[in-house]
Amino acid sequence: MKPVKKVSLLVIASACMLTVCVTLALMSKVTETATNTFTSDRSISLALREDKWDGFTFDDSYEKEPGTVAKDGLTEDQKKELGITKAMNYYPGDVIPKNPTLMNTSIEDEYVAIKVTYQNNDGTAISKELFESTYGKIGNLSNDFVRVVTSDEGENKYDLYIYTKTLLAGSKAPALFDRVVVNQNINTVNGKWPTFKIKVQGFAVQAKNVTLDTTNLNNEVVKALNDLAKSN
């Protein structure tokens, strides 16, 4: 009888082991890993020049802060005609040449805008309307630009002019304006004509896969350009 019991135990043990193997030995398979990498060497770039103000063209690079010095190598007669020269000792009623112009220096088409900030001598930003009633007016404003945003948030006052067309790769937009006309009746400060400033800055966003609508402040292009203006 003893040998029989041993056989029975072995059979039971084998059955238990078989059950465990069936539970764990599920067929499985892992596929190869597919890594999809998306990359691009596309980029956009933009340049701003005011050759009537300081003599610098798009073929030149600045060695100092733009708009603060005249280009080297000009004759005395050429320098006399620059806006920066005339602005150093202006008279009421003077016409000061100043022509902010943008060029798309990339190989991608762009939507572009120019931010104009009007300032007192101490750097305090003022509205265009106050500037015009106090100091002077910009002249010959281009019809190809639209004054889309007028910010009046504290000291961050500016006007944003958006170019209504696509600025093609390698091409130039017309100048936003070409002169500043000093008020004939500008008031003196401590017996002198006051100092004032106009700052201009250009911005660009891609034109690919987006559409510009300057009548809609929520348009993605308008918002993107204005966000750049706010933060710069």
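Residues numbered from 1 in each chain as written. Predicted model: local features only at pLDDT ≥ 70, side-chain atom pairs only at ≥ 80, totals over all residues. Heavy atoms only, no water.

Remarks on the overall build of the protein chain
Looking only at helices and strands, the protein chain has six helices and ten strands in total. Counting all 232 residues of the protein chain, 34% fall into the buried class. Within the protein chain, residue pairs in contact and separated by at least 24 positions form 70% of the contacts whose partners lie at least 6 positions apart. By element, 52% of the accessible surface of the protein chain is carried by carbon and sulfur atoms, the whole surface being about 15,300 Å². (Helix = DSSP H or I, 4+ residues; strand = E, 2+ residues; numbered from the N terminus. Buried < 20%, exposed > 50% of the residue type's maximum accessible area, 1.4 Å probe, protein only. Contact = heavy atoms within 4.5 Å. Areas by Shrake-Rupley, 256 points an atom, 1.4 Å probe, with all protein chains shown as cover.)

Considering the pattern of salt bridges
Counted according to the given criterion, the structure contains seven salt bridges. Across the salt bridge formed by Glu50 and Lys98, the nearest N and O atoms sit 2.7 Å from each other. Residue Glu50 is found in the loop between β1 (46–49) and α2 (51–54), and its partner Lys98 is found in the loop between β2 (95–97) and β3 (101–104); the two are separated by 48 residues along the sequence. Note on accessibility: Glu50 and Lys98 belong to one class, buried. (Salt bridge = Lys/Arg side-chain N within 4 Å of Asp/Glu carboxyl O.)

Here we look at the nonpolar core
Counting 29 residues, the largest nonpolar core has Val116, Tyr118 and Ile198 as its most contacted members. Of all the secondary-structure elements, those providing two or more residues to this core are β4 (110–120), β8 (156–163), β9 (179–182) and β10 (196–206). Residues in contact with Val116, not counting those within four places in the same chain, are Tyr158, Asp159, Tyr161, Leu176, Phe177, Ile198, Lys199 and Val200. Formed by 16 residues, the second largest nonpolar core is a distinct cluster that contains Ala207, Val210, Val221 and Val222. (Core = buried A, V, L, I, M, F, W, Y, C linked by side-chain atoms within 4.5 Å.)

Section: helix α6 (residues 220–231)
With twelve residues, α6 ought to run about 16 Å at 1.5 Å a step, and its terminal C-alpha atoms sit 17 Å apart, in line with that. Turning to α6, its buried residues are Val221, Val222, Leu225, Asn226 and Ala229. Each buried residue of α6 sits inside an arc of 125° when the element is viewed along its axis, so together they form one side. (Expected span 1.5 Å × (residues − 1). Arc of directions from axis to C-beta.)

What about unusual backbone geometry?
Notably, Asn190 is not glycine yet its phi reads approximately 55°, a positive angle. If you trace the backbone, Asn190 turns up in the loop between β9 and β10. Residue classification places Asn190 among the exposed residues on the basis of a relative accessible area of 77%. Positioned with a positive phi, Asn209 is a non-glycine residue whose angle comes to about 70°. Mapped onto the fold, Asn209 is located in the loop between β10 and α6. A relative accessible area of 70% places Asn209 in the exposed class.

Shape descriptors only; they carry no functional weight alone.
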